[in-house]
Amino acid sequence: MSDPLVIRPFLLPARGVARVPGSKSVTNRALVIAALADGETLLTDALFSRDTLILIAALRSLGFEVSDDKRIRTIRVRGLGGKIPARTASIHVGNAGTAARFLTAFLALSPGGRYELDGDEAMRARPMAGLLEALRGAGCRATAPDGGPATGFPFTLETSGRLGALEVDASASSQLLSALLMALPLSPGSSVRMRGETVSEPFVEMTMRMCAQFGRPLTHAADGAWSCPAPGPYAAAKEYAVEPDATAASYFIGLPAVTPPGSCVRIGGYAEGGLQGDTAFARVAERCGARIRTDGPGVVVESWTKVASGDFDLNAFSDTFLTLATVAALADGAVRIRGIGHTRKQETDRVLAMATELERIGLKVTPASSALRDDACLSELTVHPDREAMRRVASAGPVRIRTYEDHRMAMSFGMLGCHDLFGDGRPWIEIEDPACTGKTFPDFFSALDALRGRFVRVAVDGGAASGKSSTSRALAARLGLLHVDTGAHYRTLTLALLKRGARADDDAGIARTLSGLRASSSVTGLAARLAIDGVTPSDSELRTPEVNAAVSSVAAHPAVRAFLLGHQRAQAEAARAGGFAGLVMEGRDIGSVVMPDAEVRVFLEADAAARERRRAAEGMQDPIGHRDRMDSTRAVSPMVCTPGAVRIDNTELGLEAVVDRVAAFVAAAAGR
Ligand code: DC
């Protein structure tokens with residue numbers, strides 16, 4: 001068991017980008033579908049956990065090309081349009097339920113294959129019979145080691161290469177059905193019918209929606225049969241962003257309810273009505289007083305107006321009940337949570353565990369933990385908030401919360417502990433065995449910590465190819481800052497002017513053309529990009545030889561600089577309102593003109609030969625030396641390293657080392 005962790009209350013509003021891991025259910029479905037697609041799919045924001053790594057390894061052992069980069073959370077899969085290269089393979093699925101079921105149905109698509117499958121002890125006991133039985137109907141044979149028909153792992157699967165009209169008993173797990181549904185489009189004329197009911201409709205729904213996202217919508221007819229009206233390989237997705245785990249996201253929706261007013265947390269990629277049923281928690285939170293707004297690709301959660309009392313049925317998204325129950329400790333009246341009886345058989349008896357620990361911090365709950373212990377059928381919990389009682393209990397020191405090897409107990413009380421109960425920063429909650437969050441969210445507590453601290457503006461200046469963009473992008477990703485590339489602003493404007501026939505040497509023409517242009521900004525991921533009259537050019541359009549040749553002279557025009565300055569200065573406010581932890585803006589005059597009062601100012605340098613090499617490696621034709629001379633000698637806003645800026649020569653330093661140095665300045669400025 002890991003050492004207990006004392007939670008430090010937030011003294012400042014919470015702010016920043018919540019680093020929520022990707023959803024496991026979505027990552028593993030996307031991997032299977034991508035392998036069945038025609039061509040290459042790039043999954044971004046994917047989850048890297050034991051279960052997804054098992055599936056990746058299995059796909060590789062079947063002959064698929066899968067490359068992954070854990071650092072930037074991407075997985076690239078080359079789909080083969082339904083072909084499975086290896087006719088034989090031996091696959092171990094560990095205790096990964098999704099991998100186990102999805103792969104088994106997937107393998108059925110291989111004509112004349114013979115695969116040995118096994119899993120951990122726990123997996124051998126988990127439901128599998130319904131799927132194996134269904135596949136027998138497809139002409140596959142699943143044989144146990146004793147030679148008889150298999151009902152679970154381990155087994156040898158001899159495959160027919162097609163599904164046909166199948167029936168599946170998915171009453172024990174919806175994954176048995178989902179596995180077949182994903183394979184359906186690859187076997188024309190096939191259908192799946194369910195015998196009885198399944199446990200988790202939302203997951204079947206997720207599967208169907210993902211099949212449609214990859215171009216093969218399924219239908220579910222009135223007679224109960226699923227089929228794919230237009231079968232064929234899935235369409236590869238150039239880039240498929242995996243949704244953040246909705247249950248994990250709930251702690252960051254709850255956090256601004258417990259931290260000081262002015263909190264503003266961004267959850268990238270989270271959308272109500274997303275693929276995961278647990279996004280319904282956002283609606284419950286809003287009923288209690290959460291302020292959640294959609295902002296670009298994600299949501300921003302601000303300090304709740306209050307935590308209102310109420311009566312909530314969390315049956316369909318019960319993993320989030322622990323989040324609500326802990327936030328309820330600060331409500332303005334009793335909070336009743338119903339429909340959670342089934343959670344008493346999860347990682348632990350969650351209702352009993354929650355009641356016991358809420359009582360431990362001084363609250364009354366009904367039914368009381370003693371009653372819950374006596375009656376296994378009780379299926380609800382009412383929390384009666386009482387700050388005075390909590391203060392009394394914690395006055396002797398932090399209360400140690402037992403976590404029962406349940407990651408969600410640790411995370412929900414960890415979030416509540418961020419509340420400054422005494423108003424003086426004294427910790428009042430301590431989490432037993434914090435490492436138990438590893439099941440779904442190993443970095444949970446550092447992700448919480450990343451949201452404490454002041455808003456920080458970082459100015460990064462430097463010449464062409466001095467490493468501004470890669471440094472700024474990596475810094476933004478590491479710290480949850482909004483990234484603004486002002487070089488791209490000048491390029492965007494240069495392109496717009498050239499397209500409208502303005503010439504770089506015609507002052508009056510440029511001023512005239514500028515007066516008719518409108519600048520706006522849009523955020524994708526962590527980057528804010530400039531649009532001129534609603535058009536944001538692609539990176540390659542911004543880096544053509546024509547733009548490279550003209551941009552420095554265009555940027556020397558006072559009218560051009562005046563046009564962009566207001567827009568650039570407004571980005572800090574946009575970053576603040578968007579919940580970012582701060583802003584990193586790169587260019588030539590950021591620390592000197594645009595944000596001379598930025599908390600951190602950096603000037604990057606590298607020797608000329610190194611910079612030439614970098615550009616050449618990017619395959620770009622770019623008159624670097626010439627641009628630098630123009631950029632540093634022009635009359636308005638020349639490139640300079642102003643006093644107080646930190647000069648970093650990165651000729652010999654790697655990117656990580658540079659980012660480490662700048663990140664340390666940011667942490668100091670944020671007061672973390
Ligand atoms: O960083 P970059 O190479 O994309 O910038 C392109 C040009 O834009 C650069 O040569 C000069 C101009 N620029 C500027 O004048 N001021 C800035 N803050 C950023 C770029």
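About the cut-offs
Residues numbered from 1 in each chain as written. Predicted model: local features only at pLDDT ≥ 70, side-chain atom pairs only at ≥ 80, totals over all residues. Heavy atoms only, no water. Helix = DSSP H or I, 4+ residues; strand = E, 2+ residues; numbered from the N terminus. Buried < 20%, exposed > 50% of the residue type's maximum accessible area, 1.4 Å probe, protein only. Areas by Shrake-Rupley, 256 points an atom, 1.4 Å probe, with all protein chains shown as cover. Phe/Tyr/Trp six-rings, centres within 6.5 Å; stacked < 30°, edge-to-face > 60°. Lys NZ or Arg CZ within 6 Å of the ring centre and 35° of its normal. Pairing = 2+ DSSP bridges. Near = heavy atom within 4 Å. Polar contact = N/O pair within 3.5 Å; in protein donor to acceptor, adjacent residues only side chain to side chain. Nonpolar A, V, L, I, M, F, W, Y, C, P; charged D, E, K, R; others polar. Core = buried A, V, L, I, M, F, W, Y, C linked by side-chain atoms within 4.5 Å. Contact = heavy atoms within 4.5 Å. Arc of directions from axis to C-beta. Salt bridge = Lys/Arg side-chain N within 4 Å of Asp/Glu carboxyl O. Axes fitted to C-alpha atoms, helices over the stretch in contact; angles between N-to-C directions.

### Things to note about the overall build of the protein chain
- Scanning the protein chain from N- to C-terminus turns up 26 helices and 31 strands.
- Its C-alpha atoms put the protein chain at 85 × 70 × 45 Å along the principal axes.
- Taken across its 672 residues, the protein chain has 56% of its residues classed as buried.
- Element-wise, carbon and sulfur atoms account for 51% of the exposed surface of the protein chain, whose accessible area totals about 26,100 Å².

### Let's talk about unusual backbone geometry
- A cis amide bond, omega -5°, links F153 with the succeeding residue P154.
- Looking at the secondary structure, you find P154 in the loop between β8 (141-143) and β9 (155-158).
- Backbone torsion omega between T366 and P367 reads -10°, so that peptide bond is classified as cis.
- Position of P367 relative to the elements: it lies in the loop between β21 (364-366) and α12 (369-374).
- Phi is positive for Y404, close to 55°, though the residue is something other than glycine.
- Within the fold, Y404 resides in the loop between β23 (399-401) and α14 (407-416).
- In this model, A465 sits at a positive phi of 60°, which is unusual for a non-glycine residue.
- In this structure, A465 sits in the loop between β25 (456-462) and α16 (468-479).

### Brief notes about the packing of aromatic side chains
- On inspection of all chains with the given rule, the structure shows eight aromatic pairs.
- Relative to F106, the ring of F64 lies with its centre 5.8 Å away and its plane at 55°, an arrangement referred to as tilted. Of this pair, F64 sits in the loop between α2 (50-61) and β4 (66-69) while F106 is found in helix α3 (residues 97-107), placing the two residues 42 residues apart along the sequence. As far as burial versus exposure is concerned, F64 and F106 are alike and both buried.
- Cluster of aromatic residues (ring-pair linked, three or more members): Y251, F252, F441, F444 and F445.
- Directly above the ring of F455 sits R576, whose terminal nitrogen or CZ lies 4.3 Å from the centroid.

### Examining the pairing of strand β30 (residues 600-605)
- By the criterion of burial, β30 is predominantly enclosed, with five of the six residues buried.
- Bridge count between β25 and β30: five bridges; the pairing is parallel. Paired with D461 across the two strands is F603, which belongs to β30.
- Bridge count between β30 and strand β31 (residues 646-649): four bridges; the pairing is parallel. Its bridge partner being in β31, E605 is matched across the sheet by D649.

### Thoughts on the site of the ligand
- Around the ligand lies a shell of 17 residues, among which R491, D589, R627, D631 and R634 are the nearest.
- Separating a nitrogen atom of the ligand from a backbone N or O atom of R588 is a distance of 2.9 Å.
- Measuring from an oxygen atom of the ligand, one finds a side-chain N or O atom of D631 at 2.8 Å.
- Summarising the interface, the protein chains cover 99% of the accessible area of the ligand, which totals 450 Å² for the free molecule.
- Every element with two or more residues in the shell around the ligand is listed here: α17 (486-499), α20 (545-555) and α25 (624-633).
- Its residues assigned to classes, the shell around the ligand comprises four nonpolar, four polar and nine charged.

### Re the nonpolar core
- L62, F106 and Y240 are the most contacted members of the largest nonpolar core, which has 82 residues in total.
- In contact with L62, other than residues within four places in its own chain, are I84, P85, A86, A89, I91, L103, F106, L107 and Y115.
- Listed in part, the 79 residues of the second largest apolar core include I267, A282, I292 and F321.

### A few points about helix α13 (residues 387-394)
- All of the buried residues along α13 are A389, M390 and A394. The arc that holds the buried residues of α13, viewed along the axis, is 125°, so those residues lie on one side.
- In this structure, the buried residues of α13 make contact with β23.
- For α13, the side-chain oxygen to backbone nitrogen distance between the N-cap and E388 is 3.2 Å, and the N-cap itself is D386.

### As for the sheet that holds strand β12 (residues 219-220)
- What the four strands build is an open sheet, ordered β10-β11-β13-β12; its pairing is mixed. The sheet terminates laterally at β10 (165-169) and β12, the two strands that pair on one side only.

### A look at the pattern of salt bridges
- Within this structure, the stated rule accounts for 43 salt bridges.
- For D597, the salt bridge identified is with R457, shortest N-O distance 3.3 Å. In this pair, D597 is assigned in the loop between α23 (590-594) and β30 and R457 in strand β25, connecting sequence segments 140 residues apart.
- Within the structure, one salt-bridge network assembled from shared partners comprises E40, E65, R76 and R78.

### What about the sheet that holds β21?
- What the four strands build is an open sheet, ordered β19-β20-β22-β21; its pairing is mixed. Edge positions in the sheet fall to β19 (310-313) and β21, since each has one partner strand and no second. The sheet shows a mean angle of 15° between the axes of neighbouring strands, direction not considered.
- The sheet contact formed by strand β20 (residues 335-338) and strand β22 (residues 381-384) spans three bridges and is antiparallel. Its bridge partner being in β22, V335 is matched across the sheet by V383.
- Along the sheet, helix α11 (residues 350-360) makes contact with β21 and β22, crossing β22 at roughly 15°.

### Description of the side chain of S552
- In this fold, S552 is placed in helix α20.
- The class for S552 is buried, based on a relative accessible area of 5%.
- The residues touching S552, leaving out its near neighbours within four places in the chain, are R627, M630 and D631.

### So, the side chain of S472
- By the secondary structure assignment, S472 is in helix α16.
- The class of S472 is buried, set by a relative accessible area of 0%.
- Apart from residues lying up to four places away in sequence, S472 is in contact with V460, H483, V584 and E586.

### Overview of the packing of helix α5 (residues 129-136) against helix α6 (residues 174-183)
- Here α5 crosses α6 at 35°, and the two axes come no closer than 8 Å. Residue-level contacts link G130, L131, A134 and L135 of α5 to L176, A179 and L180 of α6.
- Grouping the amino acids of the contact of α5 with α6 by side-chain chemistry returns six nonpolar, one polar and no charged.

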